[in-house]
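# Close look at the chain arrangement
As a plain string of letters, each chain reads:
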Amino acid sequence: MATVLDKISLSERKIQEIVKKTKEHVLLYGIIMRTAESPGNSDKVQHAPFTLFPCLVPRGALAKVKSIQVHFNRLMHMAAHDTEFLQECLSNVVKVDDFNKRLWDILLVVAEEGVAQPVSLGLFRNDYMMDVKQGTSVDQTTQASIPENIQMKQIEFNMIASSFGGLVSPLYNVHRYSLTIAGKKFDDSQVPENNPAKELAKGLVEGWKAYGNKRACVLFLVSDPERNTLDQRRIDAEIFSCDRTVSVKYATFRDMNDRGSKRISDKALVIDGCEVAVVYFRTGYSPEDYSSDKDWDTRLMIERSKAIKCPSIQYQLAGTKKVQQELCRPGAVERFIKDADIALAIRETFAYQYSLDMGEDGDRGIEKAFANPQNYVLKPNREGGGNNIYGEDIKPFLTKIMNSTERSGYILMEKIHPWPQTNYLLKVGLDISLQNVISEIGIYGVYLGSDDTEIYNSLAGHLVRSKTLGTDEGGLMVGLSCLDTPFLID
Ligand code: ADP
Ligand code: MG
């Protein structure tokens, strides 16, 4: 199977030495997280799960998805601001999905009373896998040879709380080091520089500037407890490097319930007497993030305020799986992107997706799922991992819901077959061994704009997460996947 080490063979002792030294580099660079046992404090930290070496990625394939990111950013912004389109997409979902109904109701309230802040900020991450069509095998003799037909296929477009930009930023340096001590010759451009933390921070600073009050703060809205604090802190530190006059505050929903308010005179959002320029949501994407109606009231208060929301409620709704499935329909991308070449480049990254709504169209999706369940993933409109249904589990699940409107809350997606490679996965408390892994590549993007004005639009770096071949889900926080970087090959 393919590996970045190609023809280099390493003794067990040499590998142990590389592991030991590389782990220390990972700690040195602060690629660390709080422990599952003490998620609420940073007294105890451990290294984040990571791969010992980078994974092979065709240079052209990465360049292609990077080059379309700004167009993708714009597409998702425009889709989010087209209320009619959103309504067409989500009308059946909100009938059966209470969580998305609550988000939708907030959108309606805000629209009815008049939007207090026309500008939305998005710190996005567009996730892909390197699809190799089934039946293609990697050349066993040359090992690192690239399968002919690798195509980046989109897994999902994250519009809220896109994580790991902070933790992954220093990893390319670590991988340059581990490769070097393993005896691998390479050019720096093959393990490219990457600093999403800095680019995402720039986005927050641009949002803060657009708000136009130098005394106002950037508020990170976080979970309670928040295990991924250090990932956020790196973005915060980059804000500091970029402009240390920007003050950053952290609050949970509970903090906001107790200490936050919306000023009546000018709709400013205020916490502890400080006006908020930008609310950066690192929570609020899953039903469990709202522990009571009070948290929902707080979300509504934030949306009604004139603070810039990252993301705004319409961004969050546009990030649902349902909207992504609807964008696959002929003409949907073209509704927003008038340049045919760009629309095509975006469309080429789409895997097949099917509606499961009641009626003939949805019945076709159901039939496909029953005929070849192993070729599909069934997705509800949820974020944060652990919600999808895969392969043989699809049939019994669909059997239960296929005669009710509940099925409109799901979409069916073709399963991607990513290029398998070998690598060492380093997870705290687990022995390391050479494993067959598959990788998911995320491209970060930043967008700032109102309905008709683009203020800022940028590509903001990349993330790779790798996991053992055969694992369906890919959560990093739950220990399934590991931080990784790309090693570019021609
Ligand atoms: P979530 O919003 O919960 O992260 P995703 O759509 O990203 O949902 O799916 C979670 C994980 O499931 C992904 O990170 C990926 O590893 C896997 N996955 C999702 N869709 C597919 C697909 N079409 N083919 C193969 N794996 C998939
Ligand atoms: Mg995901």
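Criteria and thresholds
- Residues numbered from 1 in each chain as written.
- Chains lettered and ligands numbered in written order.
- Predicted model: local features only at pLDDT ≥ 70, side-chain atom pairs only at ≥ 80, totals over all residues.
- Heavy atoms only, no water.
- Helix = DSSP H or I, 4+ residues; strand = E, 2+ residues; numbered from the N terminus.
- Rg over C-alpha atoms; globule rule 2.2 N^0.38 Å.
- Buried < 20%, exposed > 50% of the residue type's maximum accessible area, 1.4 Å probe, protein only.
- Contact = heavy atoms within 4.5 Å.
- Areas by Shrake-Rupley, 256 points an atom, 1.4 Å probe, with all protein chains shown as cover.
- Lys, Arg positive; Asp, Glu negative; His and termini not counted.
- Charge placed at Lys NZ, Arg CZ, Asp CG, Glu CD.
- Near = heavy atom within 4 Å.
- Polar contact = N/O pair within 3.5 Å; in protein donor to acceptor, adjacent residues only side chain to side chain.
- Domains from an automatic or database assignment.
- Buried area = accessible area lost by both parts, 1.4 Å probe.
- Axes fitted to C-alpha atoms, helices over the stretch in contact; angles between N-to-C directions.
- Parallel < 35°, antiparallel > 145°, perpendicular 65-115°, else oblique.
- Left-handed = near helix turned anticlockwise from the far one by under 90°.
- Nonpolar A, V, L, I, M, F, W, Y, C, P; charged D, E, K, R; others polar.
- Pairing = 2+ DSSP bridges.
- Phe/Tyr/Trp six-rings, centres within 6.5 Å; stacked < 30°, edge-to-face > 60°.
- Lys NZ or Arg CZ within 6 Å of the ring centre and 35° of its normal.
- Salt bridge = Lys/Arg side-chain N within 4 Å of Asp/Glu carboxyl O.
- Core = buried A, V, L, I, M, F, W, Y, C linked by side-chain atoms within 4.5 Å.

### Observations regarding the overall build of the protein
Secondary structure summary: the protein contains 16 helices and 21 strands in total. Over its C-alpha atoms the protein spans a radius of gyration of 22 Å, differing by no more than 12% from the 23 Å that the globule rule assigns to 490 residues. By its C-alpha atoms, the protein is 70 × 55 × 45 Å across when sized along the principal axes. Across the 490 residues of the protein, 57% fall into the buried class. Of the contacts formed within the protein by residues at least 6 apart in sequence, a portion of 76% connects residues at least 24 apart. As displayed, the protein has an accessible area near 20,100 Å², and 49% of this comes from carbon and sulfur atoms. Across the protein, the centroid of the 59 positively charged side chains sits 4 Å from that of the 65 negatively charged ones.

### As for helix H7 (residues 171–181)
Across the eleven residues that make up H7, a large majority, eight, are buried. Along H7, the positions that sit buried rather than exposed are Leu 171, Tyr 172, Val 174, His 175, Arg 176, Ser 178, Leu 179 and Ile 181. Residues of H7 that are buried sit in contact with helix H1 (12–28), strand S3 (50–51), helix H6 (165–168), strand S20 (481–484) and strand S21 (486–489). Note on H7: the residue one or two positions beyond its end, Gly 183, has a positive phi of about 90 degrees.

### Quick notes on the site of ligand 1
Residues in close proximity to ligand 1 total 20 residues, the closest being Lys 321, Lys 379, Gly 385, Tyr 390 and Glu 440. Here an oxygen atom of ligand 1 and a side-chain polar atom of Glu 440 are 2.7 Å apart. For ligand 1, an oxygen atom lies 2.8 Å from a polar atom in the side chain of Lys 467. Here ligand 1 has 540 Å² of accessible area as a free molecule, and 94% of this is covered by the chains. If you list the elements that add at least two residues to the shell around ligand 1, you get strand S6 (151–158), strand S14 (376–380) and strand S16 (410–414).

### Some remarks on the domain arrangement of the protein
Size of an interface: often given as the accessible area lost when the parts come together. Domain boundaries assigned for the protein yield domain 1 (12–351 + 416–489) and domain 2 (352–415). Computed over C-alpha atoms only, the centres of domain 1 and domain 2 are separated by 25 Å. Contacts between the two partners involve 29 residues from domain 1 and, on the opposite side, 26 residues from domain 2. Here domain 1 and domain 2 share an interface that buries about 2,300 Å² over both sides, 48% of which is from carbon and sulfur atoms.

### Observations concerning the packing of helix H4 (residues 83–96) against helix H5 (residues 98–113)
At a closest axis distance of 8 Å, the pairing of H4 and H5 adopts a crossing angle of 140 degrees. By the angle class used here, H4 and H5 are oblique. At the point where H4 passes H5, the crossing takes the left-handed sense. Counted together, Thr 83, Leu 86, Gln 87, Leu 90, Val 93, Val 94 and Val 96 of H4 and Asp 98, Asn 100, Lys 101, Trp 104 and Leu 107 of H5 form the full contact between these two elements. Counted by class, the contact of H4 with H5 contains seven nonpolar, three polar and two charged residues.

### Considering the pairing of strand S5 (residues 120–131)
S5 sits mainly inside the fold: twelve of its twelve residues count as buried. Going residue by residue along S5, you find Ser 120, Gly 122, Phe 124, Asn 126, Tyr 128 and Met 130 tucked away on one face and Leu 121, Leu 123, Arg 125, Asp 127, Met 129 and Asp 131 tucked away on the opposite face as well. Here ten bridges tie S5 to strand S18 (residues 434–449), and the two strands are oriented antiparallel to one another. If you follow Met 129 over to S18, its bridge partner there is Glu 440.

### So, the packing of aromatic side chains
Within the structure shown, the criterion is met by 15 aromatic pairs. Ring geometry for Phe 220 against Tyr 250: centres 5.0 Å apart, planes inclined by 45 degrees, an arrangement best described as tilted. Linking Phe 220 in strand S7 (residues 217–221) with Tyr 250 in strand S8 (residues 248–251), this pair joins segments that are 30 residues apart in sequence. Taking relative accessible area as the criterion, Phe 220 reaches 0% and is therefore assigned buried. For Tyr 250, a relative accessible area of 23% corresponds to the partly exposed category. Geometrically, the ring pair formed by Tyr 354 and Tyr 376 is edge-to-face, given 6.2 Å between the ring centres and 75 degrees between the ring planes. Taken together, the residues span a long stretch of sequence, with Tyr 354 in strand S13 (residues 353–355) and Tyr 376 in strand S14 at a distance of 22 residues. Through successive ring pairs, a cluster of aromatic residues spans Phe 72, Phe 124, Phe 157, Tyr 315 and Phe 350. Here the guanidinium or amino end of Arg 299 rests over the ring plane of Phe 281, the centre of that ring lying 4.4 Å away.

### Describing the pattern of salt bridges
Tallied over the full model, the rule gives 36 salt bridges. In this structure, Asp 82 and Arg 335 form a salt bridge, with 3.2 Å as the shortest nitrogen-oxygen distance. Separated by 253 residues along the polypeptide, Asp 82 in the loop between helix H3 (69–81) and H4 and Arg 335 in the loop between helix H13 (321–327) and helix H14 (340–347) bring together distant segments of the chain. Its salt-bridge partner being Arg 382, residue Asp 97 comes within 3.0 Å of it at the nearest N-O pair. Placement of the pair is Asp 97 in the loop between H4 and H5 and Arg 382 in the loop between S14 and strand S15 (389–390), with a sequence separation of 285 residues.

### Some thoughts on the nonpolar core
Taken as a class, soluble globular proteins show a tendency for nonpolar side chains to be buried jointly. Leu 204 and Leu 483 are the most contacted members of the largest nonpolar core, which totals 130 residues. Beyond its immediate stretch of four places on either side in the chain, Leu 204 contacts Leu 121, Leu 123, Val 218, Phe 220, Ile 235, Ile 239, Val 278 and Tyr 280. Counting residues in each nonpolar core, the second largest holds 13 residues, with Tyr 376, Ile 401, Tyr 410 and Leu 412 among its members.

### Comments concerning the side chain of Asn 381
One can find Asn 381 in the loop between S14 and S15. At 3.2 Å, the side chain of Asn 381 forms a polar contact with the backbone nitrogen of Lys 321. Separated by 2.8 Å, the side chain of Asn 381 and the backbone nitrogen of Lys 322 make a polar contact. Ignoring any residue separated from it by four or fewer positions in sequence, one finds Asn 381 in contact with Val 93, Asp 97, Asn 100, Thr 320, Lys 321, Lys 322 and Gly 409.

### Looking at the sheet that holds S13
Where strands meet in a sheet, backbone hydrogen bonds hold them as pairs that are either parallel or antiparallel. With antiparallel pairing, the four strands of this open sheet are ordered in space as S13-S16-S14-S15. Of all strands in the sheet, those with a lone pairing partner are S13 and S15, marking the two edges. Summarising the sheet, S14 and S15 pair through two bridges and their orientation is antiparallel. The residue bridging Leu 378 from the neighbouring strand is Ile 389, located in S15. Against the sheet, helix H15 (residues 360–371) touches S13, S14 and S16, its axis set at about 125 degrees to S13. In the packing of helix H16 (residues 394–401) onto the sheet, contacts are made with S14, S15 and S16, and the angle to S14 comes to roughly 45 degrees.

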